[in-house]
Amino acid sequence: MPDTLIQMRGITKNFPGVLALSDVDFTLKPGEIQALMGENGAGKSTLVKVLTGAEAFETGQIFLGDSPTPIINHSPQEAQARGISTVYQEVNLCPNLTVAENLFVGRHPGRAGLINRREMNRRARQIMENISVDIDVERPLEGYSIAVQQMVAIGRAVDISANVLILDEPTSSLNEHEVVTLFDLMRKLRDDGLGIIFITHFLDQVYEVCDTITVLRNGRLVGEYAVESLSRKDLVSAMLGRSFDDLASIHHQTDTVVDESTPVVDAEQLSVRGGVKPFDLKVFKGEVVGLAGLLGSGRTEVARAVYGADSPSGGTLEVEGQKVGHSPIDSMRAGMAFCPESRKDEGCVQDLSVRENIILAEQTKRGVFRLMSRSEQEKIARQYVDLLEIKTASLETPISQLSGGNQQKVIVARWLATNPDFLILDEPTRGIDVGTKAEIQKLCVDLADGGMAVLFISSEIDEMLRTCDRIGIMRDLHKVGEVSGDEMTSSNIMSMIAGSEQAVPSEAGAVK
């Protein structure tokens, strides 16, 4: 076995107006799980794309194994042929194909152009069994949750890869049990001599499963560290380039008593046929109300029902005391805004610029007969680029060239530009770095302090405790309770999510 699997030396990569990587070194050894850490825009994904041939680079060299001859991967397919496979944060499979077909796209078993489906299905079942996922491989992929689709993508990469596996935010869509399963698989592959590059923003996961940590900041290498030699505080400081108080200063505290005479949003027994069960939800001016629960518990379904993205089958919805129609455009005109969970599928328009993405919702709200002038578009876009500190070369930069965290900020900017009274944020910090996460949490608190009503959905209980005034608990498409004040503890919320305690109703959102 070679001493190293990958050596990258002096890698430099430029995008228009942006130095993405500057003289970066990186080394991966056999039997090693190495975390690649840094804020959004630090260069993590770019380094991976250079390695896998998705992006060209200007200077530097890449060596595989102990070979003294440098190589260049001109495409991900060429990288796969050299034993390097990648699983990206956003699942990149074909939902209309079966699980088995997705596992063997481009390499179906058979001969003379004919696919041996029996053999393909047999091998697919074996692949999924090896990663402890029990599903019907002959069923279309679109019939499974995002979490299961992510595991299928990992299964495909593991089966293809011989030496190196790159996992780019693989746990962002997985529940706790699935994360445990993935980590067990990663340890097994490491023990078999595989090298794993693990990109994540969850610090706990780094210290749970990784051996070494490489930190990038602003496209430059900060250093490589053994996990046991780098404290979490020092890791965060290395990523940010400054000391950091672990978000302790962020906490929403209203100085005045909330006026509960007229809620900004008042949903009573709202439900969606085949989806979320009847629920009540009141959100008042200056409040941040959270929704907690496991994946599939109904958090997003509640948000979509309130916003009108899914037509309700029962119940009533009022905004500022007035009934509204059940469509997104009616909700927008009533002063509502909705930042969806998936920035890839429902958020960013990849072919449009930063400016065009930011003004999209406000222009839709105004209609085709009230077109915004170019100068007005630029004024609004510049205002929110500055407010949210979006890192972009210019307003005309395609949003696809921004890091994930900056794309997320653009989507938030899009909805803030509509000047909403009620803002729904569905997983606004998912898959972004600790610094950007803190900025979005503080923004949420500041908006509420300024009088906006906010519905905040997150899989991270700690950030909800920092940000929210009240938290509703979802389980199995039911709102089973609500906590506030002294009831808002991590243990209480997790017990209610698990169903081990009776739900605690509260006056402002009673369970019915």
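Here the structure is shown first, and the text comes after it.
Let us look at the structure shown here. (Residues numbered from 1 in each chain as written. Predicted model: local features only at pLDDT ≥ 70, side-chain atom pairs only at ≥ 80, totals over all residues. Heavy atoms only, no water.)

1. What about the overall build of the protein chain?
Turning to step 1, where the next piece is worked out: Along the backbone of the protein chain there are 17 helices and 21 strands.
Turning to step 2, where the next piece is worked out: Its C-alpha radius of gyration of 24 Å places the protein chain within 12% of the 24 Å reference for a compact globule of 512 residues.
Turning to step 3, where the next piece is worked out: A principal-axis box enclosing the C-alpha atoms of the protein chain has dimensions of 75 × 50 × 50 Å.
Turning to step 4, where the next piece is worked out: Scored against the burial criterion, the 512 residues of the protein chain give a buried share of 55%.
Turning to step 5, where the next piece is worked out: Sequence-distant contacts, at least 24 apart, represent 67% of the contacts inside the protein chain between residues at least 6 apart.
Turning to step 6, where the next piece is worked out: On the protein chain, roughly 22,300 Å² of surface is accessible, and the fraction owed to carbon and sulfur atoms is 48%. (Helix = DSSP H or I, 4+ residues; strand = E, 2+ residues; numbered from the N terminus. Rg over C-alpha atoms; globule rule 2.2 N^0.38 Å. Buried < 20%, exposed > 50% of the residue type's maximum accessible area, 1.4 Å probe, protein only. Contact = heavy atoms within 4.5 Å. Areas by Shrake-Rupley, 256 points an atom, 1.4 Å probe, with all protein chains shown as cover.)

2. A few points about unusual backbone geometry
Turning to step 1, where the next piece is worked out: At Glu169, a position not held by glycine, the phi torsion is positive, near 50 degrees.
Turning to step 2, where the next piece is worked out: The topology assignment puts Glu169 in the loop between strand 8 (164-168) and helix 6 (176-191).
Turning to step 3, where the next piece is worked out: By relative accessible area, Glu169 is classed as buried at 2%.
Turning to step 4, where the next piece is worked out: Here the phi dihedral of Glu389 falls at roughly 55 degrees; this positive angle occurs in a residue that is not glycine.
Turning to step 5, where the next piece is worked out: Looking at the secondary structure, you find Glu389 in the loop between helix 13 (374-387) and helix 14 (404-416).

3. Focus: the pairing of strand 15 (residues 314-319)
Turning to step 1, where the next piece is worked out: Sheet topology note: the strand 12 (residues 265-271)/strand 15 ladder contains 5 bridges and is antiparallel. Bridge assignment links Ala267 to a residue of strand 15, and that residue is Leu317.
Turning to step 2, where the next piece is worked out: Pairing geometry for strand 15 and strand 16 (residues 322-323), over 2 bridges, is antiparallel. Looking across to strand 16, one finds that Glu318 is bridged to Lys323.
Turning to step 3, where the next piece is worked out: Taking the residues between adjacent antiparallel strands as the criterion, strand 15 and strand 16 are bridged by 2 residues, where Glu320 takes a positive phi near 55 degrees. (Pairing = 2+ DSSP bridges.)

4. Description of the packing of helix 12 (residues 354-366) against helix 13
Turning to step 1, where the next piece is worked out: With their axes 9 Å apart at the nearest point, helix 12 and helix 13 run at an angle of 115 degrees to one another. For the pair helix 12 and helix 13, the crossing hand works out as right-handed. For the pair helix 12 and helix 13, the contacting residues are Val354, Arg355, Ile358, Ile359 and Arg366 in the first and Arg374, Glu376, Gln377, Glu378, Ile380, Ala381 and Val385 in the second.
Turning to step 2, where the next piece is worked out: Within the contact of helix 12 with helix 13, the residues separate by chemical class into 6 nonpolar, 1 polar and 5 charged. (Axes fitted to C-alpha atoms, helices over the stretch in contact; angles between N-to-C directions. Left-handed = near helix turned anticlockwise from the far one by under 90°. Nonpolar A, V, L, I, M, F, W, Y, C, P; charged D, E, K, R; others polar.)

5. Some points on the packing of aromatic side chains
Turning to step 1, where the next piece is worked out: For the structure shown, the criterion picks out 3 aromatic pairs.
Turning to step 2, where the next piece is worked out: Centroid distance Tyr307 to Phe338: 5.4 Å. Interplanar angle 55 degrees. Geometry classified as tilted. Highlighted residues: Tyr307 in helix 9 (residues 299-307) and Phe338 in strand 17 (residues 336-339), separated in sequence by 31 residues. For the pair Tyr307 and Phe338, a shared accessibility class is recorded, and that class is buried.
Turning to step 3, where the next piece is worked out: Ring centres 6.3 Å apart and planes at 85 degrees place the aromatic pair Tyr307 and Trp415 in the edge-to-face group. Here Tyr307, found in helix 9, pairs with Trp415, found in helix 14; they are 108 residues apart in sequence, far enough to count as distant. With respect to class, Tyr307 is no different from Trp415; both count as buried.
Turning to step 4, where the next piece is worked out: Each member of the aromatic cluster is reached from another via a ring pair, and the members are Tyr307, Phe338 and Trp415.
Turning to step 5, where the next piece is worked out: Just above the ring of Tyr144 sits the side chain of Arg139; from NZ or CZ to the centre is 4.3 Å. (Phe/Tyr/Trp six-rings, centres within 6.5 Å; stacked < 30°, edge-to-face > 60°. Lys NZ or Arg CZ within 6 Å of the ring centre and 35° of its normal.)

6. Describing the sheet that holds strand 4 (residues 59-64)
Turning to step 1, where the next piece is worked out: Taken together, 3 strands build an open sheet; the order of strands is 2-1-4 and the sheet is antiparallel. Strand pairing shows two members of the sheet lacking a second neighbour, strand 2 (18-28) and strand 4, which therefore form its edges. The sheet shows a mean angle of 20 degrees between the axes of neighbouring strands, taken without regard to direction.
Turning to step 2, where the next piece is worked out: Along the sheet face, helix 1 (residues 44-52) touches strand 1 (6-15), strand 2 and strand 4 and points at about 115 degrees away from the line of strand 1.

7. Brief notes about the environment of Leu425
Turning to step 1, where the next piece is worked out: Tracing the sequence through the fold places Leu425 in strand 18 (residues 422-426).
Turning to step 2, where the next piece is worked out: Taking relative accessible area as the criterion, Leu425 reaches 3% and is therefore assigned buried.
Turning to step 3, where the next piece is worked out: Here the alpha-carbon distance between Leu425 and Met239, two residues 186 residues apart in the chain, equals 26 Å.

8. Overview of the sheet that holds strand 12
Turning to step 1, where the next piece is worked out: Spatially, 4 strands are ordered 13-12-15-16 in an open sheet, and the strand pairing comes out antiparallel. Each edge of the open sheet carries a strand with a single partner, namely strand 13 (279-283) and strand 16.
Turning to step 2, where the next piece is worked out: With respect to the sheet, helix 9 is in contact with strand 12, strand 13 and strand 15, its orientation differing from that of strand 13 by roughly 70 degrees.

9. Structural notes on the pairing of strand 21 (residues 478-484)
Turning to step 1, where the next piece is worked out: Burial within strand 21 is extensive, with 5 of its 7 residues counted as buried.
Turning to step 2, where the next piece is worked out: Pairing between strand 20 (residues 470-475) and strand 21: 6 bridges, direction antiparallel. The residue bridging Arg475 from the neighbouring strand is His478, located in strand 21.
Turning to step 3, where the next piece is worked out: Two successive antiparallel strands, strand 20 and strand 21, enclose a turn made up of 2 residues, where Asp476 displays a positive phi of approximately 55 degrees.

10. Re helix 17 (residues 490-498)
Turning to step 1, where the next piece is worked out: Taken as a whole, helix 17 has its buried residues at Asn492, Ile493, Ser495, Met496 and Ile497.
Turning to step 2, where the next piece is worked out: Turning to helix 17, the residues buried within the fold contact strand 14 (288-292), helix 16 (461-467), strand 20 and strand 21.
Turning to step 3, where the next piece is worked out: Following helix 17 by one or two positions, Gly499 has its phi on the positive side, about 85 degrees.

11. Describing helix 5 (residues 146-160)
Turning to step 1, where the next piece is worked out: Counted at 1.5 Å a residue, the expected span for helix 5 with its 15 residues is 21 Å, and the 21 Å between its end C-alpha atoms agrees.
Turning to step 2, where the next piece is worked out: With respect to burial, helix 5 is a largely interior element, 12 of its 15 residues being buried.
Turning to step 3, where the next piece is worked out: Ala147, Val148, Gln149, Gln150, Met151, Val152, Ala153, Ile154, Gly155, Arg156, Ala157 and Ile160 are the residues of helix 5 that are buried.
Turning to step 4, where the next piece is worked out: Looking at the buried side of helix 5, the elements it contacts are helix 2 (76-81), strand 5 (84-87), helix 3 (99-103), helix 4 (117-130), strand 8 and helix 6. (Expected span 1.5 Å × (residues − 1).)

12. Focus on the packing of helix 5 against helix 6
Turning to step 1, where the next piece is worked out: As a packed pair, helix 5 and helix 6 sit with axes 12 Å apart at the nearest point and diverge in direction by 10 degrees. The angle between helix 5 and helix 6 falls in the class roughly parallel. Contact with helix 5, carried on its side by Ala147, Met151, Ile154 and Val158, involves Glu178, Thr181, Leu182, Leu185 and Leu189 of helix 6 and no other residues of that element.
Turning to step 2, where the next piece is worked out: Of the residues contributing to the contact of helix 5 with helix 6, the split by class is 7 nonpolar, 1 polar and 1 charged. (Parallel < 35°, antiparallel > 145°, perpendicular 65-115°, else oblique.)

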